[in-house]
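Observations on the three-dimensional arrangement
Chain by chain, the residues:
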Amino acid sequence: MAWTQYQQSTLKYLALVELGDWPNTSYRFVSDNEIGEYIDEWHDILQQELEFLWGTASLAVGAGTSTITETALATDIMRVDRCYWNPASSTATYLLSHRDPEDLFLSQQNYTTTGTGEQPKVIYALGTGSWCLWPTPPTAGTLHVEYVVRYRFPNQSTDVPFPSWSRYWSTPYVAYRVYSRFGPLQDLPRAAVYRRQVDHNLEIGRKLRDLYLPASQAGVLRPGRSLANRILYPQGGNL
Amino acid sequence: MATAYTLLMRELDETVAATYWNENQPLHALNEGLVEVAARVPGRERVSASLSLVAGQEFYNLPSTVMVPQHLLNADGKECFPTTHANLEDWSAGWRSAAQGKPAWVVAWDVETLRVFPKPDASYTYTLVGVPWPAEQLTTAQSIGDEGLLQTVVVLFAAARLLQYTQPELAQMKRLQGEEALVRYQRNLRKQGGWNTLRIRPGTGWSLARAGGDLGLGRRYQ
């Protein structure tokens, strides 16, 4: 069975054990808030590096409306990935291309005034938190967005939607930040060791993520594939 | 043979009733080691679980018994093709609005969710086959696997993890020992596979080991 799903309180307890502040949970060395902030930071890093958690959002867009405010879509967007446009009068849903305004300007200097009557083909960022469709939708439609989630703990007791095999990875990051902060706990050599553990855990995460649904079922998961590779390709080929 | 916790306490020069370590720390370290080994050498164990598809729904959470999904089999036992969003887009720009039908492709949406394509047009019961969760170390009385090489690997990795902050050189030694044990574990798994086992027999004239294999045994005999 799956390992017990964890909550924020679990992560705080693990951090306290690592920092030697056990069995008391009175936060003698580091405050509860500080540990919580570091745990938030870690999950941002986890998402930035490994993009474990994804979400979807849809927004009804009126005719003639080209600017989309990101918060109207969702408030937990870390990175927008695929965007699809569905005209209201059609069942078709198709991918919008991501471009910069500079790309559009290079392809067509008067892009802001052209494309009237055509359904949107491009989506570009106006700045932080705003997106623009081009051409401007001539009819109403729905924008569907698939994005990487920026996770924030709603409280200390809600199950975290990350796989429970990543439960222990926040602890080295919290310890790294605690020991590298100016103060009575400062211990830079110790912090450096924890930093290496952080990188190691990220590498483990990548490996696990890459194991999902292998395209080649024949031999990717067969252990010792480097050995198998050398047998098949003595001259040193790569799979 | 002893349990994983007992072996780890020995590596730490502690009694089973540990005085320096909180009991949970060794257990956490063992669990971390289990995850690392699962990532690097998933092993041969497979578990299957039902996935009930609902008409019109394309996202499905991983069943709780499957840690790493490997194959999704349809109701007839045939495998769905793993694919990516980019491949779906290459195939058809309108893939998201494709007609509903019996899903034949699957995408790893995120680490907890699969996406099937096309959207189901009816209820189906598919089977997800994948790597099972290793037994979580929750007590001091548990062993790992059959107390063989796998347990040795996890114990050594756990010892390295716990010792690295106060005994870095010893921790590095534990790490190296664990890496060597991991290679032996991988080799043992391959021997059990019954595939080309002749060539991994160490020390013979035509063996890979003699030709300079992964542990270099052959070189010692030259």
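Above this text sits the structure in question.
As a starting point, this report considers the structure included with it. Per chain, the residues get numbers from 1 upward, laid out in the order the sequence is written. Working convention: letters from A go to chains and numbers from 1 go to ligands, in the order in which they are written. Selection of residues for local features in this predicted model requires a pLDDT of at least 70, selection of side-chain atom pairs for listing and counting requires 80 or more, and totals for whole chains, interfaces and linings are taken over all residues. The basis for every side-chain value is the complete set of heavy atoms in the structure, and neither hydrogens nor water enter the calculation.

**A look at the overall build of chain B**
Note the cut-off: In DSSP terms, a helix is any run of H or I states spanning at least four residues, a strand is any run of E spanning at least two, and both are numbered starting from the N terminus. Between buried and exposed lies partly exposed: a residue is buried under 20% and exposed over 50% of the maximum accessible area for its type, with that area taken using a 1.4 Å probe on protein chains only. Two residues form a contact once any of their heavy atoms are found within 4.5 Å.
Counting its regular elements, chain B contains six helices and seven strands. Taken from the N to the C terminus, the helices and strands of chain B come in the order α-α-β-β-β-β-α-β-β-β-α-α-α. Looking at chain B as a whole, 49% of its 222 residues qualify as buried. Of the contacts made within chain B by residues no fewer than 6 positions apart, 63% connect residues no fewer than 24 positions apart.

**Some remarks on the sheet that holds strand E6 (residues 122-127) of chain A**
Residues and elements named next belong to chain A. Condition: The pairing criterion is simple: DSSP has to find at least two bridges between the two strands.
Strand order in the open sheet formed by four strands is E2-E7-E6-E5, and the pairing between neighbours is mixed. The open sheet has two edge strands, strand E2 (67-69) and strand E5 (97-98), and neither has a second partner. In this sheet, strand E7 (residues 130-134) lies alongside E2 in antiparallel orientation, the contact comprising three bridges. Paired with Thr 67 across the bridge in E7 is Cys 132.

**Observations regarding the nonpolar core**
What counts, and what does not: Here, the term nonpolar core denotes a set of buried Ala, Val, Leu, Ile, Met, Phe, Trp, Tyr and Cys residues that are joined through side-chain atoms within 4.5 Å.
Formed by 109 residues in total, the largest nonpolar core has its most connected members in Leu 143 and Trp 165 of chain A. For this core, the element with the highest residue contribution is helix H4 (residues 149-163) of chain B, accounting for 10 residues. The next biggest cluster of nonpolar side chains, apart from the first, holds six residues, and it includes Leu 104, Tyr 111, Val 122 and Trp 134 of chain A.

**A look at the packing of aromatic side chains**
Rules: Any two rings among Phe, Tyr and Trp, with Trp reduced to its six-membered ring, count as a pair given centres within 6.5 Å; such a pair is stacked if its planes are under 30 degrees apart, edge-to-face if over 60, and tilted if neither. Our definition puts a charge over a ring when NZ of Lys or CZ of Arg is within 6 Å of the ring centre and also within 35 degrees of the ring normal.
Here the structure, examined in full by the defined rule, presents 19 aromatic pairs over all chains. Each ring, one from Tyr 194 of chain A and one from Tyr 165 of chain B, has its centre 3.9 Å from the other, and the planes form 20°; the classification is stacked. Residue Tyr 194 of chain A is located in helix H6 (residues 188-210), and its partner Tyr 165 of chain B is located in the loop between H4 and helix H5 (168-193); the two belong to separate chains. In this pair, the class of Tyr 194 of chain A matches that of Tyr 165 of chain B, namely buried. Ring geometry for Trp 91 of chain B versus Phe 117 of chain B: centroids 5.7 Å apart, planes at 75°, classification edge-to-face. Pair noted here: Trp 91 of chain B is in helix H3 (residues 85-91) and Phe 117 of chain B is in strand E6 (residues 113-117), with a separation of 26 residues, a long-range link. Overall, the relative accessible area of 7% leaves Phe 117 of chain B in the buried class. Through pairs of rings, three or more aromatic residues link up here, namely Tyr 84 of chain A together with Phe 81, Trp 91, Trp 95, Trp 105 and Phe 117 of chain B. The lysine or arginine in question, Arg 195 of chain A, covers the ring of Tyr 176 of chain A, its NZ or CZ lying 5.4 Å from the ring centre.

**As for the packing of H6 of chain A against helix H2 (residues 24-40) of chain B**
Filter applied, for reference: Axis definition: a line fitted to C-alpha atoms, limited for helices to the stretch in contact. Angles are taken between N-to-C directions and run from 0 to 180 degrees. Any angle that falls under 35 degrees is termed roughly parallel, while one over 145 is termed roughly antiparallel, one within 65 to 115 roughly perpendicular, and all others oblique. Left-handed describes a crossing whose near helix is turned anticlockwise from the far helix by less than a right angle; the clockwise case is right-handed. Gly is placed with the polar residues, together with every amino acid not listed as nonpolar (Ala, Val, Leu, Ile, Met, Phe, Trp, Tyr, Cys and Pro) or charged (Asp, Glu, Lys and Arg).
Their axes nearest at 8 Å, the elements H6 of chain A and H2 of chain B cross at an angle of 45°. The angle between H6 of chain A and H2 of chain B falls in the class oblique. Every pair of crossing elements has a handedness; the one defined by H6 of chain A and H2 of chain B is left-handed. Residue-level inspection shows Gln 197, His 200, Asn 201, Ile 204, Lys 207 and Leu 208 of chain A of H6 of chain A in contact with H2 of chain B, the latter providing Glu 32, Val 35, Glu 36, Ala 38, Ala 39 and Arg 40 of chain B. Its residues assigned to classes, the contact of H6 of chain A with H2 of chain B shows five nonpolar, three polar and four charged.

**Looking at the sheet that holds strand E5 (residues 105-110) of chain B**
Residues and elements named next belong to chain B. Taken together, four strands build an open sheet; the order of strands is E2-E6-E5-E4 and the sheet is mixed. Only two strands of the sheet have a single partner each, and these edge strands are strand E2 (59-61) and strand E4 (81-82). Sheet topology note: the E4/E5 ladder contains two bridges and is parallel. For Phe 81, the partnering residue across the bridge sits in E5 and is Trp 105.

**Concerning the packing of helix H5 (residues 170-179) of chain A against H6 of chain A**
Residue and element names in this part refer to chain A. Two elements in contact, H5 and H6, have axes separated by 8 Å at closest approach and are oriented at 155°. Classified by the interaxial angle, the pair formed by H5 and H6 is roughly antiparallel. The hand of the H5/H6 crossing is left-handed. Residues Pro 172, Tyr 173, Ala 175, Tyr 176 and Tyr 179 of H5 lie in contact with H6, whose contacting residues are Leu 188, Arg 190, Ala 191, Tyr 194, Arg 195, Gln 197, Val 198 and Asn 201. Among the residues forming the contact of H5 with H6, the class breakdown is nine nonpolar, two polar and two charged.

**Some points on the side chain of His 85 of chain B**
Quick reminder of the rule: In the analysis that follows, any N or O atom pair within 3.5 Å is treated as a polar contact, provided that within protein one partner can donate a hydrogen and the other can accept it, and provided that, for residues neighboring in sequence, both atoms belong to side chains.
Here His 85 of chain B lies in helix H3. Since its relative accessible area comes to 10%, His 85 of chain B is described here as buried. Side chain to side chain, His 85 of chain B and Arg 82 of chain A meet in a polar contact 3.2 Å long. If near-sequence neighbours (up to four positions away) are discounted, His 85 of chain B is found in contact with Arg 82 and Glu 146 of chain A together with Trp 95, Val 107, Trp 109 and Arg 115 of chain B.

**A few points about unusual backbone geometry**
Excluding glycine, a negative phi dihedral is what most residues carry, and trans is how most peptide bonds are arranged. Following Trp 134 of chain A, the chain continues to Pro 135 of chain A via a peptide bond in cis, the omega torsion being -10°. With respect to the secondary-structure elements, Pro 135 of chain A resides in the loop between E7 and strand E8 (141-149). For the peptide bond that leads from Phe 117 of chain B to Pro 118 of chain B, omega is -5°, which places it in the cis range. Secondary-structure assignment places Pro 118 of chain B in the loop between E6 and strand E7 (124-132). A positive phi angle, near 50°, is found at Glu 51 of chain A, a position not held by glycine. Along the chain, Glu 51 of chain A falls in the loop between helix H2 (32-50) and strand E1 (54-61).

**Comments concerning the side chain of His 43 of chain A**
Residue and element names in this part refer to chain A. Counting through the fold element by element, His 43 comes out in helix H2. Note on His 43: relative accessible area 1%, which makes it buried. Setting aside residues no more than four positions away along its own chain, His 43 makes contact with Tyr 6, Leu 11, Phe 153 and Phe 162.

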